[in-house]
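Overview (structure and organization)
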Amino acid sequence: MRALALCAMALACAGCTSLQAMISPPPDPAIVMPALELRIAILVAEERQKLDTNAKPLMLDPELAEIARKRAADMASKNYFAHTAPNGDTSATLLMAADTHFQGLLGENMAAQHYTKAGGIDVNGFARRFVDTWLASPPHRQNLSFTEYNHTGIGAAMNGDMVYVTELFSTDMGMGPHKDGTPPLAITPLASPQAATTGNSGSTAPAAH
């Protein structure tokens with residue numbers, strides 16, 4: 001009888017442990033931001049190859065990642081969603097300030113999703129929705145699939161109920177670093193990354209030179 005009682009107690013305790021695991025709160029969303037960034041990078045790389053097998057591989061660039069994280073964190077802390085910050089900063093101006101020798105093309109994709117503390121953040125599910133949102137939007141899809149981009153940086157940040165993501169794409173277009181004393185640094189907005197090869201100006205994908 002004692003052995004049976006001890007066995008029953010052990011099973012009951014095991015049941016309590018399983019129940020506690022089932023009802024334990026999800027991890028702090030801030031902790032999963034790096035994993036979300038990495039998962040988005042993987043999905044974007046996969047989609048680029050599906051869209052164009054000639055697309056160059058994207059190298060994860062620490063400088064671009066730092067700027068992308070600054071932009072995502074700024075949106076999260078100030079509760080806005082835009083390519084230009086309230087103080088006028090853009091990813092292009094931040095890049096030019098950080099690297100005065102950068103010369104080439106810079107593209108930017110942004111997205112935001114609601115989340116609840118109770119539900120937490122499923123990294124794969126959120127990453128998939130971010131990338132699907134970009135694929136469904138022609139300008140974002142153009143950035144994602146532009147074959148000449150070969151560097152990327154991704155930043156994710158969250159506040160009370162939103163997750164913000166910025167992904168930057170860049171290429172030097174074969175021009176190499178900017179040399180001091182050559183034409184002054186400038187940022188030229190373009191309609192699309194493809195416009196950089198035709199000279200058509202427009203409203204997105206800044207070319208820094």
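Bear in mind that the values here come from a model prediction, so they are computed numbers and not experimental data.

Some points on the overall build of the protein
In terms of helices and strands, the protein carries six helices and six strands. Seen in sequence order, the protein has helices and strands lined up from the N terminus as α-α-β-α-α-β-α-α-β-β-β-β. Across the 209 residues that make up the protein, the buried fraction comes to 41%. Relative to all contacts within the protein whose residues are 6 or more apart in sequence, the contacts with residues 24 or more apart total 70%.

Describing the confidence of the model for the protein
Chain-level pLDDT for the protein is 83 on average; 80% of the residues reach the 70-or-more range. Confidence drops under pLDDT 50 across residues 200-205; counting only partners more than four residues distant or on other chains, this segment forms 25 contacts.

A few points about the environment of Glu167
Tracing the sequence through the fold places Glu167 in strand β4 (residues 162-171). Looking at Glu167, the relative accessible area reads 1%, which means it is buried. Taking the C-alpha atoms as reference points, Glu167 and Ala65, separated by 102 residues in sequence, lie 8.0 Å from one another. With residues up to four places along the chain from it excluded, the contact list for Glu167 reads Ile40, Val44, Gly107, Glu108, Asn109, Trp134, Thr152, Gly153 and Ile154. In terms of polar contacts, Glu167 uses its side chain to reach the side chain of Thr152, at 2.7 Å.

What to know about the packing of aromatic side chains
Under the definition given, this model contains two aromatic pairs. On the basis of an interplanar angle of 75 degrees and a centroid distance of 5.0 Å, the ring pair of Phe146 and Tyr149 is categorised as edge-to-face. For Phe146, a relative accessible area of 6% corresponds to the buried category. According to the relative accessible area criterion, Tyr149 is buried, its value standing at 0%. An aromatic cluster is built from Phe146, Tyr149 and Phe169, whose rings are joined through pairwise contacts. Sitting above the plane of the Phe126 ring, Arg129 keeps its charged end 4.7 Å from the centroid.

Some points on a nonpolar patch on the surface
On the surface, Leu38, Ile42 and Leu60 cluster together into a nonpolar patch covering about 270 Å² of accessible area. Structurally, Leu38 is set in helix α2 (residues 33-51). Relative accessible area serves as the criterion here: at 48%, Leu38 is assigned to the partly exposed category.

Overview of the nonpolar core
In this structure, Leu36, Ile40, Phe130, Val163 and Val165 are the most contacted members of the largest nonpolar core, which totals 28 residues. Broken down by secondary-structure element, the contributors of at least two residues to this core are α2, β2 (104-114), α5 (123-135), β3 (151-158) and β4. No other element matches the seven residues that α5 contributes to this core. With near-sequence residues (within four places) excluded, Leu36 lies in contact with Val123, Phe126, Ala127, Phe130, Ala156, Val163 and Val165. With ten residues, the next largest nonpolar core counts Leu64, Ala68, Met96 and Leu106 among its residues.

Here we look at the side chain of Thr166
Residue placement: Thr166 occurs in strand β4. By relative accessible area, Thr166 is classed as buried at 0%. Once residues lying within four places of it in the same chain are set aside, the contact partners of Thr166 are Ala68, Arg71, Ala72, Met75, Ser91, Glu108, Asn109, Met110, Gly153, Ile154 and Gly155.

Rules behind the numbers
Residues numbered from 1 in each chain as written. Predicted model: local features only at pLDDT ≥ 70, side-chain atom pairs only at ≥ 80, totals over all residues. Heavy atoms only, no water. Helix = DSSP H or I, 4+ residues; strand = E, 2+ residues; numbered from the N terminus. Buried < 20%, exposed > 50% of the residue type's maximum accessible area, 1.4 Å probe, protein only. Contact = heavy atoms within 4.5 Å. pLDDT = per-residue confidence, 0-100. Polar contact = N/O pair within 3.5 Å; in protein donor to acceptor, adjacent residues only side chain to side chain. Phe/Tyr/Trp six-rings, centres within 6.5 Å; stacked < 30°, edge-to-face > 60°. Lys NZ or Arg CZ within 6 Å of the ring centre and 35° of its normal. Patch = residues over 30% accessible without salt bridge, like charges linked within 9 Å, V, L, I, M, F, W, Y side chains within 5 Å. Areas by Shrake-Rupley, 256 points an atom, 1.4 Å probe, with all protein chains shown as cover. Salt bridge = Lys/Arg side-chain N within 4 Å of Asp/Glu carboxyl O. Core = buried A, V, L, I, M, F, W, Y, C linked by side-chain atoms within 4.5 Å.

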